[in-house]
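# Descriptive structure summary
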Amino acid sequence: MTANTAPALLDLAPLGAEHFARIEDKIAALMRTRETVVTMQGEALLPLEACIRSAVRPGSTALNVVTGPYGETFGGWLRSCGAEVVTVTAPFSGAVSPDEIAAALRDRPEIDFVSLVHAEAATGNTNPVAGIGRVVREHGALLMLDAVASVAAEPLLTDEWGVDLCVIGGQKAMAGPAGVSAVSVSARAWERIAANEAAPRRSYLSLLDWKERWLDGGRAVLPHAPAQLEMLALEQAADRIAAVGLDAVIARHRAARGATRAGIRALGGLTPYVVRREHAAPAATTLRAPDGVDAREIVAAALTADPAVPLQAAGGSLATEMIRVNHYGTAADRGVVLASVAALGAGLRALGVAGVEGDGAVEAAGAEWDAVMCG
């Protein structure tokens, strides 16, 4: 942005209700849902917390699936709502299975709410939502899905999978803004929320406020001033995906996943953290550092070789052992992936790690990208 372009962004006509509603319709189409969609004016943690606090009543029992840090966050919110929380945990190197969920539901038939992350960008795994959604619906519980890291990176069939509350954000595979997010709400979920006396009302976390002041009025009058720049950026991201084709965008993310994993296997020194390809998220690939080498040092050395590549060390307890290669949005690109593999190789060699390949790893990554995109 320059001084000349800033007025063009700031001196905009107000974003009216009709335009706001059109943007919501584009997001609903991307999510493959005919249910109502609420576009909330904040980062995706806003609708995620709003969903839990709206649909979970004190004294209820919730099943929380933990395959990464966001699942752990949901557990805290559920407990603060007064729910008893049953936790199903999968190693961060894999995914949870529908059979595990079905077993937990059989053991605790009183479970009426299930929270699940589709893809955990932080740990690089993705869960089989279609199968999980089927067993949750058969049980009769509501299913809340965090699809922030999966929307536009892999198929998201909200209605077909029986997802009652599906939250997305624009900042990852959509290559859009972080400041707005959306949630689709099924008719079943609205009934549960309306019956919950503890659901937020007259609050920034209130889904009921959006329903009563926006949806029930035919989306004719906005309940408050919208985040205009972020909404326009979200629309542009959705339009760009529609122009290219959602299938093509998903294919590019799958190619990025395959190419990164192939390049790392050929490189040596590092191994994919998520063991099985079908459990690996298309938005990001996590890598296990070699024994005795700090992952943060590898990332620092790789970024010294090429500061532009989208690499980072994991956070928290995984910081010393896990490296994350982000390949979502504009980074789901052949050149970016090959540069990331090359930078990791340079970083490992700079640290004196033995047996590290060079050009062969980049060639393997390129060959896999081409095979996925042509196949």
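Residues numbered from 1 in each chain as written. Predicted model: local features only at pLDDT ≥ 70, side-chain atom pairs only at ≥ 80, totals over all residues. Heavy atoms only, no water.

## Side note on the overall build of the protein chain
Counting its secondary structure elements, the protein chain contains 13 helices and 13 strands. With the C-alpha coordinates aligned to their principal axes, the bounding extent of the protein chain is approximately 65 × 60 × 35 Å. Out of the 375 residues in the protein chain, the part that is buried amounts to 56%. Counted over contacts in the protein chain with a minimum sequence separation of 6, partners at least 24 positions apart contribute 70%. Carbon and sulfur atoms provide 52% of the accessible area of the protein chain, an area that totals close to 15100 Å². Positive and negative charge centroids in the protein chain, built from 32 and 42 side chains respectively, lie 2 Å apart. (Helix = DSSP H or I, 4+ residues; strand = E, 2+ residues; numbered from the N terminus. Buried < 20%, exposed > 50% of the residue type's maximum accessible area, 1.4 Å probe, protein only. Contact = heavy atoms within 4.5 Å. Areas by Shrake-Rupley, 256 points an atom, 1.4 Å probe, with all protein chains shown as cover. Lys, Arg positive; Asp, Glu negative; His and termini not counted. Charge placed at Lys NZ, Arg CZ, Asp CG, Glu CD.)

## Quick word on the pattern of salt bridges
Under the counting rule described, the total for this entry stands at 18 salt bridges. Between Glu-24 and Arg-219 there is a salt bridge whose closest N-O contact spans 3.3 Å. Placement of the pair is Glu-24 in helix α2 (residues 17–31) and Arg-219 in the loop between α8 (207–215) and α9 (228–244), with a sequence separation of 195 residues. Judged by relative accessible area, which is 0%, Glu-24 ranks as buried. What makes Arg-219 partly exposed here is its relative accessible area of 24%. Between Arg-108 and Glu-110 there is a salt bridge whose closest N-O contact spans 2.5 Å. You can call Arg-108 partly exposed: its relative accessible area is 23%. Counted as one network, the salt bridges with shared partners bring together Glu-24, Asp-25 and Arg-219. (Salt bridge = Lys/Arg side-chain N within 4 Å of Asp/Glu carboxyl O.)

## Quick word on the sheet that holds strand β3 (residues 84–89)
An order of β1-β9-β8-β7-β4-β2-β3 is seen for the 7 strands of this open sheet, with the pairing classed as mixed. This sheet does not close on itself; its edge strands, each paired only once, are β1 (36–40) and β3. This sheet shows a mean twist of 20° between the axes of neighbouring strands, independent of strand direction. In this sheet, strand β9 (residues 181–185) lies alongside strand β8 (residues 165–169) in antiparallel orientation, the contact comprising 5 bridges. The residue of β9 that forms the bridge with Gly-169 is Ser-181. Relative to the sheet, helix α4 (residues 69–80) contacts β2 (61–66), β3, β4 (111–117) and β7 (142–146), its axis offset from that of β2 by approximately 165°. Along the sheet face, helix α5 (residues 98–107) touches β2, β3 and β4 and points at about 160° away from the line of β2. (Pairing = 2+ DSSP bridges. Axes fitted to C-alpha atoms, helices over the stretch in contact; angles between N-to-C directions.)

## Re the sheet that holds strand β11 (residues 284–288)
With respect to topology, 4 strands assemble into an open sheet ordered β10-β11-β13-β12, the strand pairing being antiparallel. The open sheet has two free edges, formed respectively by β10 (271–272) and β12 (311–313), since each of these has just one partner strand. Where helix α11 (residues 295–305) meets the sheet, it contacts β12 and β13 (322–326), and its direction lies at approximately 155° from that of β12. Docked against the sheet, helix α12 (residues 334–350) engages β11, β12 and β13, running at close to 155° with respect to β13.

## Let's talk about the pairing of β8
Of all 5 residues in β8, 5 are buried; the element is thus mostly enclosed. Burial along β8 is two-sided: Leu-165, Val-167 and Gly-169 and Cys-166 and Ile-168, pointing in opposite directions, are all buried. Two strands pair when backbone bridges link them, and β7 and β8 are joined in this way by 3 bridges, in the parallel orientation. Considered in β8, the bridge of Leu-145 is made with Cys-166.

## Section: the UniProt feature "domain: Aminotransferase class V" (unreviewed entry) in the protein chain
Taking the numbering used here, the UniProt-annotated feature "domain: Aminotransferase class V" (unreviewed entry) corresponds to residues 79–315. This span, residues 79–315, is 38% helix and 18% strand, and a straight line between its end C-alpha atoms measures 24 Å. (UniProt positions renumbered as here; feature names shortened; annotations may be inferred.)

## Side note on the layout of surface pockets
Regions of empty space are outlined by a rolling probe, equal in size to a water molecule, passed over the atoms. Approximately 180 Å³ is the volume attributed to the largest pocket. Tallied by class, the residues present in the lining of the largest pocket amount to 5 nonpolar, 6 polar and 2 charged. (1 Å grid on protein atoms, 1.4 Å probe; cavity = no way out; pocket = protein on both sides within 12 Å on 5 of 7 lines; lining within 4 Å. Points joined across faces, edges and corners; volume = space filled by probe spheres on them. Nonpolar A, V, L, I, M, F, W, Y, C, P; charged D, E, K, R; others polar.)

## What to know about the packing of α2 against α9
Contact geometry for α2 and α9: axes closest at 10 Å, N-to-C directions at 40°. In terms of orientation, α2 lies oblique with respect to α9. Here the hand of the crossing between α2 and α9 comes out left-handed. From α2, His-19, Phe-20, Ile-23, Lys-26, Ile-27 and Leu-30 reach across to α9, where they touch Met-231, Leu-232, Leu-234, Glu-235, Ala-238, Asp-239 and Ile-241. Counted by class, the contact of α2 with α9 contains 9 nonpolar, 1 polar and 3 charged residues. (Parallel < 35°, antiparallel > 145°, perpendicular 65-115°, else oblique. Left-handed = near helix turned anticlockwise from the far one by under 90°.)

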